[in-house]
Amino acid sequence: MAAPLALVLLVAVTVRAALFRSSLAEFISERVEVVSPLSSWKRVVEGLSLLDLGVSPYSGAIFHEVSNLGPCAYAAGGKTTELNPQTPLIIYLFHFLIDYAELVFMITDVLTAVALYFAIQDFNKVVFKKQKLLLELDQYAPDVSELIQTPKEMHYIPLKVALFYLLNPYTVLSCVAKSTCAINNTLIAFFILATIKGSAFLSAIFLALATYQSLYPITLFVPGLLYLLQRQYIPVKMKSRAFWIFSWEYAMMYMGSLVVIICLSFFLLSSWDFIPAVYGFMYPESPSHPDLCREEVIPGCPAMTPSSRENKEMFEHFSLFFVCVFQINVFFYTIPLAIKLKEHPIFFMFIQIAIISIFKSYPTVGDVALYMAFFPVWNHLYRFLRNIFVLACIIIVCSLLFPVLWHLWIYAGSANSNFFYAITLTFNVGQILLISDYFYAFLRREYYLSHGLYLTAKDGTEAMLVLK
Amino acid sequence: MGLLSDPVRRRALARLVLRLNAPLCLLSYVAGIAWFLALAFPPLTQRTYMSENAMGSTMVEEQFVGGERARVFARDFAAYRRKSGALPVAWLERTMRSVGLEVYTQSFSRKLPFPDETHERYMVSGTNVYGILRALRAASTESLVLTVPCGPDSTNSQAVGLLLALAAHFRGQIYWAKDIIFLVTEHDLLGTEAWLEAYHDVNVTGMQSSFLQGRAGAIQAAVALELSSDVVTSLDVIVEGLNGQLPNLDLLNLFQTFCQKGGLLCTLQGKLQPQDWTSLDGPLQGLQTLLLMVLRQASGRSHGPHGLFLRYGVEALTLRGINSFRQYKYDLVAVGKALEGMFRKLNHLLERLHQSFFFYLLPALSRFVSIGLYMPAAGFLLLVLGLKALELWMQLHEAGVGPEEGGGSPGPSSSLLSAQGVGLASLVAPLLISQAVGLALYILPVLGQHVATQHFPVSESEAVVLTLLAIYAAGLALPHNTHRVVTTQAPDRGWMALKLVALIYLALQLGCITLTNFSLGFLLAATMVPAAVLTKPHGPRPLYAALLVLTSPAAVLLGSLFLWRELQEMPLSLAEGWQLFLSALAQGVLEHHTYGALLFPLLALGLYPCWLLFWNVLFWK
């Protein structure tokens, strides 16, 4: 299996290297779908040069808060502008590696793919073992043999995952744009690898790093914990002592590493400036930058967030409300999903990563690429997916329409922002439907496994499952 | 969501799509075409109206009387030009300075990718002259442009004369709040492009030009003028710009207002507007105008210097003086007054023109169809592709159902994945090959022109066109041999999968094109959709092949040329049509390289490969 993986890696690196050398690289790195202010390379460079000048990378806000320009000047290719949302560790990382930035981004992509490859390989073994156990215990209904995953089917899944991640156009674009989103993805991939390998400590560290990078992965704590518990055969029961002890340990490891990382950042910069800059930025309506989203003015705005459509001036009073409504979505589903998918933490993790990439503020296609890499793992759900064709078409159409409508809005000046935001909304709706389709397919498969594939209703006719 | 998840309703919907697919497709196609034809009729066409407040309510009184002066300027200009054989830069500078403008020149040069035989130019170098009238009432933050393009022959002298006379008149007025730039460009659009690029300090087409010494503010609007006679019978207004971009409708409304005020006769696409919209004649004439506009817009060419301004977010239109055999003629004063009025109203603008429509079709000068009303026509056509794709998907997927809906068919679904794997593998070769042919079509003609001229007795321009045609024809022979290499287990699945991909590919491209340039999208959809939907390897193959060839992008171009001349009431003979077709090909490639028109790359890299896929489906074995 090593040879095909090496081949895939080689192809992926070649494609990226070719694109880095082409004239397209600059164009791609300007695209709002690929780069948001949160993940843009320009901000890293900006932070770096400020650091080199002996100024705190986060001091921009002090000078520029009054100017009220926000990312406007930034997007116009302007000078240093305002809050820099890159974390100190990233800035320090590239302090040493700035000359090799392209190489670093290629390596992070490769690392992500390799981590996912090994993680899924391991996960498949676990799935197979569990399936065998349940078969031996006669837990499955008698006629479900065609639903059972065979090793032959599962053999190529890890390779497909690596392939899906590396050659996904979204990943390629975000790598070529040097979006720091690629680094987030690597951290999450390593977190998944560590979790599946059963190393609670490493898992906690990577989760802490990912959280430190972009805050939202905090929701992955629950699936991570569930998987580790499952691996150690600790039942998830409120009364179980082992459960509480292990959860406590894991939480402490996580909190501990998070504190260490944050303190490290503090010592590097000797100021706490970065906290409001990095984490405050994620809330588009936070008071620290009052004028982020004046539509029509700002090409670099969080174009893909639903929240950005709300015109600030009209809804000034409700800004807190909007923050809550838009941010709550990311965290809202964690608990119900944890209850429903208690037995299937990896699927839970997949759904949660997808939810993050849909509902986070400033999403980019790089985030989408990460959960798309998991699609091959759920190949066996394919026959239960209902709308995959329509939804795939929606997503492809939207991806193509982004640049077209952006062009009409910004360059041609003939369409307005509504066209573009309508497409971002459609894209998100498509993603949501896709994820719920997967979720429903998963539940149905589980139901069939335990109740038999050919159900009959009370009157003897064929029954069907209806989602209500 | 209920519709998507409720199996009963889903099944009903699936059955509907499968059973009624052919009638639905036909109905949708007919609806699309009918909708388009209905666009010229009153409920869908509306009267134009001025939306911009700053231009609507104020009256201006035109005082321009410099007709005689304009004629003198024009005569002098023509004389100097004939003497020097090029743009009399020194004379222009002197004259502009004498009427009180700040005068600057800009020299530019451009080597075309291959000799342009229509305009007889290859290595072009020239000089633009422009004078700025500084506004008295404001800082130089905004400006208006009046431009006259001068070609190689001595046309447009009267336009230059009128420009100078207007400049002299404007200089004496005190109400200007925007700078006015009077621009005379050499070599038609090339000069305009060079000036615009230098003004905005960008270089998008590889033009070498000198730095601009003087600038006014951001250009709010521009009017290009083409006049070749002392008297005109009518003014023709041209709106279609590069890549089908249109100026804001308010600018056109403004022009029309002043034409009406001055009693000037104005035409659109060379057609007078029908008076009577209640009977059938008016709308039919409107339809003719509309079709002409669609053809022009679809060509993606800039049909006047204004088209290049549009790319920079400057609203612009071209006015062309027509001198025909009509009895009543207007002199330069009437034209000058209309221009003066327009500039005075534009001077009142408080912000960029943005109130009115940017997407519209014009069946007559005072009637328009807005985007909301014409989009369904294209929507219906694209729906045909969607319906057909859905049907194919359902056939491929055994009606797209899970076990509880499929009525117990465990056999096919388990082999589905493996079959699909094979299907996908067999798609890669045709996709790659057709894209490669498209790439060759895009790159080779210009790249290989020198090789071709060495080996064959042709000029560079002919070489480019002939290579284009050769690669285009070779593409037809090439791809349908490829899939034999890959053996498929289920031959029927193979072509269906390929057709599905091709349909989606086509729908995507047409959708994107329609959004940016409705005319082009509609034209291509109306021609390509039926053949694309009908094509399959069974049945009357020669008929399908003929239909496909007739609707291939090049054939559409040829057909459009004939239709265009037919509508202009100058029908072409076959030989003329072929000559025009060849020169249109050369022009298309040239316009892409010199101005950045996107039609050529779109056809070569997008639609032609897509069309080849259908060709491939047809010859699937």
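Conventions we followed
- Residues numbered from 1 in each chain as written.
- Chains lettered and ligands numbered in written order.
- Predicted model: local features only at pLDDT ≥ 70, side-chain atom pairs only at ≥ 80, totals over all residues.
- Heavy atoms only, no water.
- UniProt positions renumbered as here; feature names shortened; annotations may be inferred.
- Helix = DSSP H or I, 4+ residues; strand = E, 2+ residues; numbered from the N terminus.
- Contact = heavy atoms within 4.5 Å.
- Buried < 20%, exposed > 50% of the residue type's maximum accessible area, 1.4 Å probe, protein only.
- Arc of directions from axis to C-beta.
- 1 Å grid on protein atoms, 1.4 Å probe; cavity = no way out; pocket = protein on both sides within 12 Å on 5 of 7 lines; lining within 4 Å.
- Points joined across faces, edges and corners; volume = space filled by probe spheres on them.
- Nonpolar A, V, L, I, M, F, W, Y, C, P; charged D, E, K, R; others polar.
- Salt bridge = Lys/Arg side-chain N within 4 Å of Asp/Glu carboxyl O.
- pLDDT = per-residue confidence, 0-100.
- Domains from an automatic or database assignment.
- Buried area = accessible area lost by both parts, 1.4 Å probe.
- Polar contact = N/O pair within 3.5 Å; in protein donor to acceptor, adjacent residues only side chain to side chain.

As annotated in an unreviewed UniProt entry, chain B carries the name GPI-anchor transamidase component GPAA1 and comes from Heterocephalus glaber. What UniProt records for chain B under Subcellular location (unreviewed entry) is the sentence "Endoplasmic reticulum membrane". UniProt's Function (unreviewed entry) comment on chain B is quoted here verbatim: "Component of the glycosylphosphatidylinositol-anchor (GPI-anchor) transamidase (GPI-T) complex that catalyzes the formation of the linkage between a proprotein and a GPI-anchor and participates in GPI anchored protein biosynthesis. Binds GPI-anchor."

As annotated in an unreviewed UniProt entry, chain A carries the name Phosphatidylinositol glycan anchor biosynthesis class U protein isoform X4 and comes from Heterocephalus glaber. Here chain A is described in UniProt, under the heading Subcellular location (unreviewed entry), as follows: "Endoplasmic reticulum membrane". Note on chain A: under the UniProt heading Pathway (unreviewed entry), the record states "Glycolipid biosynthesis; glycosylphosphatidylinositol-anchor biosynthesis."

(A) Inspection of the environment of B:Phe77 at higher detail. Residues and elements named next belong to chain B. Turning to its location among the elements, Phe 77 is positioned in helix α5 (residues 67-84). Spatially, the C-alpha atom of Phe 77 lies 22 Å from that of Gly 304, the residues being 227 residues apart in sequence. When residues no more than four places from it in sequence are discounted, the contact partners of Phe 77 are Leu 87, Pro 88, Trp 91, Leu 92, Cys 150, Ser 157 and Val 160.

(B) Structural detail: helix α6 (residues 89-98) of chain B. Residues and elements named next belong to chain B. Those residues of α6 lying buried are Val 89, Trp 91, Leu 92, Thr 95 and Met 96. Down the axis of α6, the smallest arc covering the buried residues is 160°, so these residues share one side. Next to the buried residues of α6 lie α5, β2 (102-116), β3 (121-133), α7 (157-171) and β5 (179-186). Two residues or fewer after α6 comes Gly 100, characterised by a positive phi angle close to 100°.

(C) Empty space enclosed by the protein, seen in detail. Residue and element names in this part refer to chain A. Applying the stated criterion to the full structure yields 8 cavities of 30 Å³ or more. Lining the second largest cavity are 17 residues, with Leu 38, Ser 39, Asn 184, Gln 213 and Ser 214 sitting closest to its centre. A per-class count over the lining of the second largest cavity returns 6 nonpolar, 9 polar and 2 charged.

(D) Structural view of the pattern of salt bridges. Residue and element names in this part refer to chain B. As enumerated under the stated definition, the model contains 19 salt bridges over all chains in all. Put simply, Arg 134 and Glu 102 hold a salt bridge, and the shortest N to O gap is 2.6 Å. Of this pair, Arg 134 sits in the loop between β3 and β4 (142-150) while Glu 102 sits in strand β2, and the two are 32 residues apart along the sequence. For Glu 102, a relative accessible area of 27% puts it in the partly exposed group. Put simply, Glu 391 and Lys 388 hold a salt bridge, and the shortest N to O gap is 3.0 Å. On the criterion of helical spacing, the pair formed by Glu 391 and Lys 388 is a turn pair, its members being 3 residues apart in helix α13 (residues 371-396). Taken as a pair, Glu 391 and Lys 388 share a single burial class, namely buried. Shared partners join several salt bridges into a network, and the residues in it are Glu 102, Arg 134 and Asp 179.

(E) Broad picture of the confidence of the model for chain A. Residues and elements named next belong to chain A. Taken over all residues, the pLDDT of chain A has a mean of 79, while the share at 70 or more is 83%. When mean pLDDT is taken per element in chain A, helix α11 (residues 181-197) scores highest with 92 and helix α5 (residues 71-75) scores lowest with 36. Scored below 50 in pLDDT, residues 285-312 shows 78 contacts in the model against residues more than four places distant or in partner chains.

(F) Examining the UniProt feature "transmembrane region" (unreviewed entry) in chain A more closely. Residue and element names in this part refer to chain A. Taking the numbering used here, the UniProt-annotated feature "transmembrane region" (unreviewed entry) corresponds to residues 89-120, 187-208, 214-230, 251-272, 318-339, 346-362, 390-412 and 418-440. End-to-end, the C-alpha atoms of residues 187-208 are 9 Å apart, and along that stretch the chain is 91% helix and 0% strand. With 96% helix and 0% strand, residues 390-412 has its two end C-alpha atoms placed 30 Å apart.

(G) View of the domain arrangement of chain B. Residue and element names in this part refer to chain B. Structurally, chain B comprises domain 1 (62-364) and domain 2 (424-619). Of note, the centres of domain 1 and domain 2, computed from C-alpha atoms alone, are 36 Å apart. At the interface, 35 residues of domain 1 touch 31 residues of domain 2. A buried area of about 2800 Å², summed over both sides, lies between domain 1 and domain 2, and 61% of it is on carbon and sulfur atoms. It is Phe 114, Asn 243 and Leu 295 in domain 1 that bury the most area against domain 2; as a group they hold 24% of the surface buried on that side. Scanning the region where domain 1 abuts domain 2 turns up 2 salt bridges. In this structure, the salt-bridge partner of Glu 591 is Arg 301, at a minimum N-O distance of 3.4 Å. Our enumeration of links across domain 1 and domain 2 arrives at 12 residue pairs in polar contact (both at pLDDT 80 or more). Of all the secondary structure elements, the ones that give two or more residues to the side of domain 1 that touches domain 2 are β2, α8 (188-199) and α10 (281-299).

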